[in-house]
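Now for the letters of each chain:
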2 protein chains.
Amino acid sequence: MTDASRTESWLDDARLSGQVAFIAEIDRLKGVLRHTLTLDGARRENSAEHSWHISMFAMLMHEYTPEPRPDLARVIQLLLLHDIVEIDAGDTFAYDTAGYADKEEREQAAARRLFGLLPTGQRDRWTALWREFEEGVTPEAQYANAVDRLLPLVQNYYSGGVSWVRNGITHSQVVRRIAPVAATSPVMWSFALELLDRAVDRGLLRDDRSH
Amino acid sequence: MTDASRTESWLDDARLSGQVAFIAEIDRLKGVLRHTLTLDGARRENSAEHSWHISMFAMLMHEYTPEPRPDLARVIQLLLLHDIVEIDAGDTFAYDTAGYADKEEREQAAARRLFGLLPTGQRDRWTALWREFEEGVTPEAQYANAVDRLLPLVQNYYSGGVSWVRNGITHSQVVRRIAPVAATSPVMWSFALELLDRAVDRGLLRDDRSH
């Protein structure tokens, strides 16, 4: 299917036509591969599946956030949208410092193009939601970022730590990566540390813990 | 990974351990294939990706529901959860009447097992959300069902109608299938009918329209 045919006009309504073009375009997120494997170890997961899984995880763990809890509805909207820019910018591996150098620039351009398919008001609101997640300042964005850091640990642990082992990732690298979890939920943070200790014990993660 | 290892205990906390077992178990939804193809036509989409895509579609189309609009936060929770039972029960093709005969029974058993991994209160609340979607009575469930019927039309249309053509699906079969859309949103309904007319014109759908 060519891009041109996806942007055909519907009901002679520019607003609706833009929205249909958008829902068709973001189908491509199903083809953006992450470094995390599915739990059976059979293949890399893609960013569309991840966006669903992480939204479920946010629902599941919400009770562990201290009062006043972040607004879960907003958290889920942030998570559903947070990876869409990867359609153009690709997924940047969490421990790839070179890739992170121009990540922001690539993702800003992607946001302009992709949200630019939407009608004006919606385009602005959705771009703002995506920025809110990226900036990580509001309680909702902090919690959304925390679950987004934590779930891959669970996945790596249960799928045999392949991306950790392959890239020689150390315990302290992961601890730095998941720092947002500490500020968000003591229970989630204790769980993460216990999981990382078990991952070291099982040889999935290089041991550079200070004793 | 064996099921046993997924249900290991965390922080000596049965509640948290059940929740971690649940988030690990539902990873399997990434392996449940639907009849719909990704828009590039390369492969069948899975139910996890679909759950993300349909949640985005619900956000996108919400403005076309008449006032008072359904609560979007609840709609999205229904959609994130609605296909989880397919992990055990499989995806039933929309036009497979034989498959529909025991669909409810299979899905009830699946709901008991899967939501049964969750701690008590959460198990009951999430089972209720899943039932709400299935029953399709509340405004939120009606809208969730409507988008769930409508999005595959968009996908089939843009991916060349493969599953329609392969199964010899007719215009009137699809119209019956998407009936919930009519009651939910006049704009979405008009859009659906226009899309189906174009699909017939392009030979993607068998023409049994009455003239």
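All values derive from a computational prediction rather than experimental measurement. (Residues numbered from 1 in each chain as written. Chains lettered and ligands numbered in written order. Predicted model: local features only at pLDDT ≥ 70, side-chain atom pairs only at ≥ 80, totals over all residues. Heavy atoms only, no water.)

K.L.:
Account for the overall build of chain A, with residues named and values stated.
P.N.:
Within chain A, the regular secondary structure consists of 13 helices and 2 strands. Computed over the C-alpha atoms, the radius of gyration of chain A is 18 Å, within 12% of the 17 Å expected from 2.2 N^0.38 for a compact globule of 211 residues. C-alpha extents for chain A along the principal axes are approximately 65 × 40 × 30 Å. Burial statistics for chain A: of 211 residues in total, 55% are counted as buried. Taking the intrachain contacts of chain A between residues at least 6 apart in sequence as the baseline, contacts between residues at least 24 apart amount to 63%. Total accessible area computed for chain A in this model is approximately 8,400 Å², and 50% of it derives from carbon and sulfur atoms. Separation of charge centres in chain A, based on 24 positive and 32 negative side chains, amounts to 2 Å. (Helix = DSSP H or I, 4+ residues; strand = E, 2+ residues; numbered from the N terminus. Rg over C-alpha atoms; globule rule 2.2 N^0.38 Å. Buried < 20%, exposed > 50% of the residue type's maximum accessible area, 1.4 Å probe, protein only. Contact = heavy atoms within 4.5 Å. Areas by Shrake-Rupley, 256 points an atom, 1.4 Å probe, with all protein chains shown as cover. Lys, Arg positive; Asp, Glu negative; His and termini not counted. Charge placed at Lys NZ, Arg CZ, Asp CG, Glu CD.)

K.L.:
Can you lay out the relation of the copies chain B and chain A for me, pointing to particular residues and giving the numbers?
P.N.:
For the pair chain B and chain A, the best superposition has an RMSD of 0.0 Å and corresponds to a rotation of 180° with a translation of 0.0 Å parallel to the axis. The relationship between the two copies is best expressed as a two-fold rotation axis. (Least-squares fit on C-alpha atoms with pLDDT ≥ 70 in both.)

K.L.:
Please set out the environment of E8(A) residue by residue, giving values where relevant.
P.N.:
Among the structural elements, E8(A) can be located in the loop between α1 (3-6) and α2 (14-25). Spatially, the C-alpha atoms of E8(A) and T138(A) are 38 Å apart, while their sequence positions differ by 130 residues. Sequence-distant contacts of E8(A), defined by excluding residues within four places in its chain, comprise S17(A), Y157(B), Y158(B) and R198(B). Side-chain polar atoms of E8(A) contact the side chain of Y157(B), separated by 3.2 Å. (Polar contact = N/O pair within 3.5 Å; in protein donor to acceptor, adjacent residues only side chain to side chain.)

K.L.:
Describe in detail the UniProt feature "domain: HD" (unreviewed entry) in chain A, supporting the description with residues and values.
P.N.:
The positions UniProt marks with the feature "domain: HD" (unreviewed entry) are residues 26-180 of chain A. Here residues 26-180 of chain A runs as 63% helix and 5% strand, with 28 Å between its end C-alpha atoms. (UniProt positions renumbered as here; feature names shortened; annotations may be inferred.)

K.L.:
Pulling in residues and values, what's your account of the pairing of strand β1 (residues 33-37) of chain B?
P.N.:
All names here are of chain B. The pairing of β1 with strand β2 (residues 44-46) spans 2 bridges and is antiparallel. From the neighbouring strand, L33 faces β2, where its bridge partner is N46. Between β1 and the antiparallel strand that follows it, β2, lie 6 residues; G41 among them carries a positive phi value of about 75°. (Pairing = 2+ DSSP bridges.)

K.L.:
How would you summarise the packing of aromatic side chains if you had to cite specific residues and measurements?
P.N.:
A full pass over the atoms with the stated rule returns 12 aromatic pairs over all chains. Measuring from centroid to centroid gives 6.3 Å for F22(B) and F115(B), while their planes differ by 25°, and the two rings are stacked. With F22(B) in helix α2 (residues 14-25) and F115(B) in helix α7 (residues 103-115), the pair connects residues that are 93 residues apart, well separated along the chain. With relative accessibility at 0%, the residue F115(B) sits in the buried group. Judged by centre distance (5.6 Å) and plane angle (75°), the rings of F93(B) and Y95(B) are edge-to-face. Seen from the ring of W10(B), R198(A) lies directly overhead, with NZ or CZ sitting 4.0 Å from the centre. (Phe/Tyr/Trp six-rings, centres within 6.5 Å; stacked < 30°, edge-to-face > 60°. Lys NZ or Arg CZ within 6 Å of the ring centre and 35° of its normal.)

K.L.:
Which residues make up the side chain of E132(B), and what are the values?
P.N.:
Residues and elements named next belong to chain B. Mapped onto the elements, E132 comes out in helix α8 (residues 120-135). Polar side-chain contacts of E132 include one of 2.6 Å to the side chain of R74. What E132 contacts, discounting residues up to four positions off in sequence, is R74, L78, V137, T138, E140 and A141.

K.L.:
Which residues make up unusual backbone geometry, and what values go with them?
P.N.:
Residue and element names in this part refer to chain A. In this structure, P68 follows E67 across a cis peptide bond, with omega equal to -10°. Among the structural elements, P68 can be located in the loop between α3 (47-61) and α4 (72-81). Here the phi dihedral of L11 falls at roughly 50°; this positive angle occurs in a residue that is not glycine.

K.L.:
Residues and numbers for α8(B), please.
P.N.:
All names here are of chain B. In a regular helix each residue adds 1.5 Å, so 16 residues correspond to 22 Å; α8 covers 22 Å between its end C-alpha atoms and thus fits that length. Buried within α8 we find Q122, W126, T127, L129, W130, E132 and F133. Looking one or two residues past α8, G136 carries a phi angle of roughly 65°, positive in sign. (Expected span 1.5 Å × (residues − 1).)

K.L.:
Which residues make up the pattern of salt bridges, and what are the values?
P.N.:
All names here are of chain A. Summed over the entire model, instances satisfying the criterion amount to 34 salt bridges over all chains. As a salt-bridge pair, R209 and D207 come within 2.9 Å of each other at their nearest N and O atoms. Each of the salt bridges in this network shares a partner with another, and the network as a whole consists of E25, R28, D88 and R113. (Salt bridge = Lys/Arg side-chain N within 4 Å of Asp/Glu carboxyl O.)

K.L.:
Break down the environment of E134(B) for me, citing the residues and quoting the values.
P.N.:
Residue and element names in this part refer to chain B. Topologically, E134 is positioned in helix α8. Along the sequence, E134 and V181 sit 47 residues apart, while their C-alpha atoms lie 15 Å from each other. Setting aside chain neighbours within four positions, we find E134 in contact with K103 and E107.

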